[in-house]
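For reference, the chains in residue letters:
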Amino acid sequence: MQITINIDSEVPLFTQLIAGIKCVVEQGGVAPGDPLPSIRQLANDLNLNNKTVAKAYRLLERDSIIQTKGYRGTFVHPDAAKNVGIDLNEWVLSKLRDVVDRCRDRGATDSEIRIAFTSAMQQLPTKGA
C-alpha cells in the first residue's frame, strides 16, 4: 500500500492519510478483507505520530472504509469501494450552511448564530460520550 504524505501541505496530515487510503481502495490496491498495517506500523512507515494515524483510522472506520477486529487487526471493510465517495464532513458542512443561510434570512447576526451553535453543541448529548 503506497501512500504519500506531504508534511509541508496546508491539508492536515490525518486528512491526507484518509484521502490516501481511500485512493488505494478506489484504485483496487487493496481488496475487501485485506489486512492494513497497525497504527504503529503505518505511523513508522509514514513518519507520523501514532495519534494522527489513530484519528484517521477512527474516521475511516466510522465511514465503513476499514474495520477493526480487536486484536486480530484492521482490515478493508467489505463495502469500502462503495463508501469511498461518501464525505461526511462535506455533508455536515452543507447542512450547516443551509441552517446558517436560513438564520441570516430571518435576521440573525453571525455572532448570534455562533453563540446559538456553541450552546446547542454543549447541550446535545454526543454519541459515545
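This is a predicted model, so every value here is computed, not measured.

Colleague: Tell me about the nonpolar core, and please be specific about residues and values.
Modeller: If you look at soluble globular proteins, the nonpolar side chains tend to sit buried side by side. Counting residues in hydrophobic clusters, the biggest one holds 23 residues, and the most contacted among them are Leu17 and Tyr57. If you list the elements that add at least two residues to this core, you get helix 1 (13–26), helix 2 (39–46) and helix 3 (50–62). Excluding anything up to four places from it in sequence, leucine 17 contacts Ile3, Ile5, Leu42, Leu46, Leu48, Val53 and Ala56.

Colleague: Please give an account of the environment of cysteine 23 that cites residues and values.
Modeller: When you line up the elements, cysteine 23 lands in helix 1. Accessibility expressed as a relative area gives 32% for cysteine 23, which makes it partly exposed. For the pair cysteine 23 and glutamine 67, spaced 44 residues apart in sequence, the C-alpha to C-alpha distance is 17 Å.

Colleague: Can you tell me about the sheet that holds strand 1 (residues 35–36), naming the residues and giving the values?
Modeller: Spatial strand order, 1-3-2: 3 strands in an open sheet with antiparallel pairing. The open sheet has two edge strands, strand 1 and strand 2 (66–68), and neither has a second partner. Inspection of the sheet shows strand 2 paired to strand 3 (residues 74–76) by 3 bridges, in the antiparallel sense. If you follow threonine 68 over to strand 3, its bridge partner there is threonine 74. On top of the sheet, helix 3 reaches strand 1, strand 2 and strand 3; it is set at about 105° to strand 2, its chief contact.

Colleague: Break down the side chain of lysine 22 for me, with residues and values.
Modeller: Tracing the sequence through the fold places lysine 22 in helix 1. Summary of buried charges: lysine 22 has no salt-bridge partner, and the nearest side chain of opposite charge, aspartate 63, is 4.4 Å away. For lysine 22, the side chain forms a polar contact with the main-chain oxygen of isoleucine 86, separated by 3.2 Å. Excluding anything up to four places from it in sequence, lysine 22 contacts Leu60, Asp63, Ile65, Val84 and Ile86.

Colleague: Which residues make up helix 2, and what values do they have?
Modeller: Along an α-helix, residues three or four positions apart point the same way, because every turn accommodates 3.6 residues. Burial in helix 2 covers these residues: Leu42, Ala43 and Leu46. Projected onto a plane normal to the axis of helix 2, the buried residues spread over an arc of 100° and lie on a single side. Exposed and oriented more than 90 degrees from the buried face of helix 2 are Arg40 and Asn44. Against helix 1 and helix 3 lie the buried residues of helix 2. One or two residues past the end of helix 2 sits asparagine 47, with phi positive at roughly 60°.

About the thresholds
- Residues numbered from 1 in each chain as written.
- Predicted model: local features only at pLDDT ≥ 70, side-chain atom pairs only at ≥ 80, totals over all residues.
- Heavy atoms only, no water.
- Core = buried A, V, L, I, M, F, W, Y, C linked by side-chain atoms within 4.5 Å.
- Buried < 20%, exposed > 50% of the residue type's maximum accessible area, 1.4 Å probe, protein only.
- Helix = DSSP H or I, 4+ residues; strand = E, 2+ residues; numbered from the N terminus.
- Contact = heavy atoms within 4.5 Å.
- Pairing = 2+ DSSP bridges.
- Axes fitted to C-alpha atoms, helices over the stretch in contact; angles between N-to-C directions.
- Lys, Arg positive; Asp, Glu negative; His and termini not counted.
- Salt bridge = Lys/Arg side-chain N within 4 Å of Asp/Glu carboxyl O.
- Polar contact = N/O pair within 3.5 Å; in protein donor to acceptor, adjacent residues only side chain to side chain.
- Arc of directions from axis to C-beta.

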